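In case you want the letters, here they are:
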Amino acid sequence: KSHEELLIPSMPCRAKTNVMFLKTHKTASSTVLNIMFRFAERYNLTVALPAGQLVHLGYPKTFLAHFVEEFQAIGQNYNIMCNHLRFNPSEVQKVMAANTFYFSILRNPILLLESSYVYYKDNVPAFRISKDVNEYLASPMKYYHPADYKENIYARNIMWFDFGYNNNAEDNTKYIQAVLKEIEQNFHLILIADYFDESMILLKHTLCWDLDDVIYFKLNSRSRDTVQTLTPESKERIKAWCSLDWKLYLHFNQSFWRRIEETIGLKELEKEVNHLQMRQKELMETCLLDQKAVGKDHIKNKALLPFQSGATNILGYNLKQDLDNRTLRTCQKMVMPELQYTSYLYTVQHPHKKRKQLGLPLLWTSFQEK
């Protein structure tokens with residue numbers, strides 16, 4: 001350590017336990033949600049879960065407090081909020097404590113749009129009627145009809161929409177500056193999915209969490225064979241077609257790296273990323289049969305099958321047999337897909353309510369009775 005560092009004792013900090021994560025679409029956010037859920041269980045925290053049979057917080061409607069189960073009774077005493085919602089600060093503030101930490105995650109719109117295209121191929125009119133992603137991008141207005149704007153949100157500026165703004169707004173510098181400023185006021189931290197491990201280290205530092213709180217297995221990813229190759233022209237077209245998202249991404253990618261340099265420094269970051277990856281590898285060796293994600297047809301325990309969508313093959317995991325109970329629980333939680341985990345926490349937190357019907361063969365709760 002340098003001479004100066006020895007003079008400043010590092011103040012121990014306390015883990016922040018009131019946290020709101022704005023879960024954006026196709027941005028590695030399911031992996032973050034799993035981290036949040038495991039953290040909530042570790043510290044016995046209350047999660048703002050979707051009311052009734054919903055699996056998201058009213059999305060794509062603009063969020064309202066009553067979309068949260070038992071809001072009337074629990075009021076502002078929720079610690080964690082992380083299921084999909086369309087951001088609406090005044091309503092979220094009714095649910096979350098005043099000292100809540102707000103963060104979200106963005107992804108390069110070029111990669112994001114291709115991912116959306118394949119995942120939402122069957123649901124989004126603009127995607128459905130085009131042959132492939134390059135054909136769609138060659139002339140989006142041929143397929144993207146204003147009348148279908150609600151069903152087409154995934155086809156243009158989806159991140160802008162998730163943050164609560166008009167994804168068809170005109171790209172006007174003054175307007176964009178105003179929105180960026182507003183997002184900076186509403187959120188303490190914006191992570192970047194393209195640098196996921198670096199993001200987890202920054203999150204850990206900012207929230208004063210442990211390494212094991214941000215350890216993860218990649219969830220809801222798809223098999224490589226469903227990825228469509230974008231032409232160089234298509235990539236350029238995305239920047240114009242999704243220019244609101246593109247500017248959003250550029251701005252926060254810049255502030256992300258600035259934040260890292262001001263707080264952790266690149267040298268320490270690299271050290272901690274290596275540490276994270278080592279620990280992740282260790283856990284994969286402990287937990288997983290194949291030590292990697294496998295295609296939907298190879299998932300043996302159907303209760304661990306992730307939701308499948310569009311033309312994708314969403315990967316999942318097989319756990320090793322004969323794990324001791326404690327290890328099994330840790331491993332199960334790390335691979336538990338979003339819908340199953342949401343439903344499981346709902347049953348634990350609201351035992352008197354009707355369980356969420358996910359149409360899955362065997363729900364978590366059946367082999368996870370406390």
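Keep in mind the model is a prediction, meaning the values are calculated, not measured.

Colleague: How do you make sense of the sheet that holds strand S1 (residues 19-22) when you look at a structure like this?
Modeller: Whether parallel or antiparallel, the strands of a sheet pair through hydrogen bonds between backbone atoms. Taking strand neighbours across the sheet as the criterion, the four strands line up as S2-S1-S3-S4 in an open arrangement whose pairing is parallel. Pairing within the sheet leaves two strands with one partner each, and these edge strands are strand S2 (80-81) and strand S4 (189-192). The strands that helix H11 (residues 196-207) touches are S1, strand S3 (101-106) and S4; relative to S4, the one it contacts most, it runs at about 155 degrees.

Colleague: When you look at the packing of aromatic side chains in this model, what are you seeing that I'm missing?
Modeller: Two measures describe an aromatic ring pair: the distance that separates the ring centres and the angle between the ring planes. For the coordinates displayed, the defined rule picks out 27 aromatic pairs. Consider the rings of Phe 63 and Phe 67, whose centres lie 6.0 Å apart with planes at 80 degrees: the pair is edge-to-face. Note on accessibility: Phe 63 and Phe 67 belong to one class, buried. Through successive ring pairs, a cluster of aromatic residues spans Tyr 117, Phe 127, Tyr 136, Tyr 143, Tyr 144 and Trp 241. Seen from the ring of Tyr 119, Lys 26 lies directly overhead, with NZ or CZ sitting 3.4 Å from the centre. Above the plane of the ring of Tyr 346 lies Lys 356, whose end atom (NZ or CZ) is 3.9 Å from the centre.

Colleague: What is the right way to read the side chain of Lys 356 from this model?
Modeller: Positionally, Lys 356 belongs in the segment after helix H16 (338-349). Although Lys 356 is buried, it forms no salt bridge, and the closest oppositely charged side chain is Glu 69 at an N-O distance of 5.4 Å. A polar atom in the side chain of Lys 356 sits 2.7 Å from the backbone oxygen of Pro 50. Polar side-chain contacts of Lys 356 include one of 2.7 Å to the backbone oxygen of Leu 54.

Colleague: Please explain unusual backbone geometry as it appears in this structure.
Modeller: Most peptide bonds are trans, and most residues other than glycine sit at a negative phi. With an omega dihedral of 0 degrees, the bond running from Tyr 59 to Pro 60 counts as a cis peptide bond. Residue placement: Pro 60 occurs in the loop between helix H2 (29-42) and helix H3 (71-74). Phi is positive for Cys 208, close to 60 degrees, though the residue is something other than glycine. Looking at the secondary structure, you find Cys 208 in the loop between H11 and helix H12 (232-241). Overall, Cys 208 belongs to the buried group, its relative accessible area being 17%.

Colleague: Any chance you could explain the pairing of S1 here in plain terms?
Modeller: On any regular strand, side chains alternate: one points to one face of the sheet, the next to the other face. Burial of S1 is two-sided: the residues Val 19 and Phe 21 facing one way and the residues Met 20 and Leu 22 facing the other way are all buried. In this structure, S1 lies alongside S2, joined through two bridges in parallel fashion. Within S2, the position partnered with Met 20 by the bridge is Met 81.

Colleague: I keep staring at the packing of helix H10 (residues 173-186) against helix H13 (residues 243-263) and nothing clicks. Help me out?
Modeller: For any two helices packed against each other, the geometry comes down to the angle between their axes and how far apart the axes lie. Axis separation between H10 and H13 bottoms out at 11 Å; the angle between their running directions is 50 degrees. Taken as axis vectors, H10 and H13 run oblique relative to one another. Every pair of crossing elements has a handedness; the one defined by H10 and H13 is right-handed. On H13, the residues touching Tyr 175, Ile 176, Leu 180, Ile 183 and Glu 184 of H10 are Leu 244, Lys 247, Leu 248, His 251 and Phe 252.

Colleague: Quick question: what am I supposed to make of the state of the cysteines here?
Modeller: Covalently bonding the sulfur atom of one cysteine to the sulfur atom of another cysteine gives a disulfide. A complete count under the given rule lists two disulfides for this structure. Residue pairing for Cys 13: its cysteine sulfur links by disulfide to Cys 208, the two sulfurs lying 2.0 Å apart. Since a negative S-S torsion denotes a left-handed disulfide, the Cys 13-Cys 208 link at about 95 degrees is right-handed. Of the two residues, Cys 13 is situated in the loop between helix H1 (3-7) and S1 and Cys 208 in the loop between H11 and H12; the sequence distance between them amounts to 195 residues. Linked covalently through their sulfurs, Cys 287 and Cys 331 form a disulfide whose S-S length is 2.0 Å. Linking Cys 287 and Cys 331, the disulfide has an S-S dihedral of approximately -75 degrees and is accordingly described as left-handed. Of this pair, Cys 287 sits in helix H14 (residues 266-287) while Cys 331 sits in helix H15 (residues 325-335); the two residues are 44 residues apart in sequence, bridging distant segments of the chain. Cys 331 shares its class with Cys 287; the two are buried.

So, how was this worked out
- Residues numbered from 1 in each chain as written.
- Predicted model: local features only at pLDDT ≥ 70, side-chain atom pairs only at ≥ 80, totals over all residues.
- Heavy atoms only, no water.
- Pairing = 2+ DSSP bridges.
- Helix = DSSP H or I, 4+ residues; strand = E, 2+ residues; numbered from the N terminus.
- Contact = heavy atoms within 4.5 Å.
- Axes fitted to C-alpha atoms, helices over the stretch in contact; angles between N-to-C directions.
- Phe/Tyr/Trp six-rings, centres within 6.5 Å; stacked < 30°, edge-to-face > 60°.
- Buried < 20%, exposed > 50% of the residue type's maximum accessible area, 1.4 Å probe, protein only.
- Lys NZ or Arg CZ within 6 Å of the ring centre and 35° of its normal.
- Lys, Arg positive; Asp, Glu negative; His and termini not counted.
- Salt bridge = Lys/Arg side-chain N within 4 Å of Asp/Glu carboxyl O.
- Polar contact = N/O pair within 3.5 Å; in protein donor to acceptor, adjacent residues only side chain to side chain.
- Parallel < 35°, antiparallel > 145°, perpendicular 65-115°, else oblique.
- Left-handed = near helix turned anticlockwise from the far one by under 90°.
- Disulfide = S-S within 2.5 Å.

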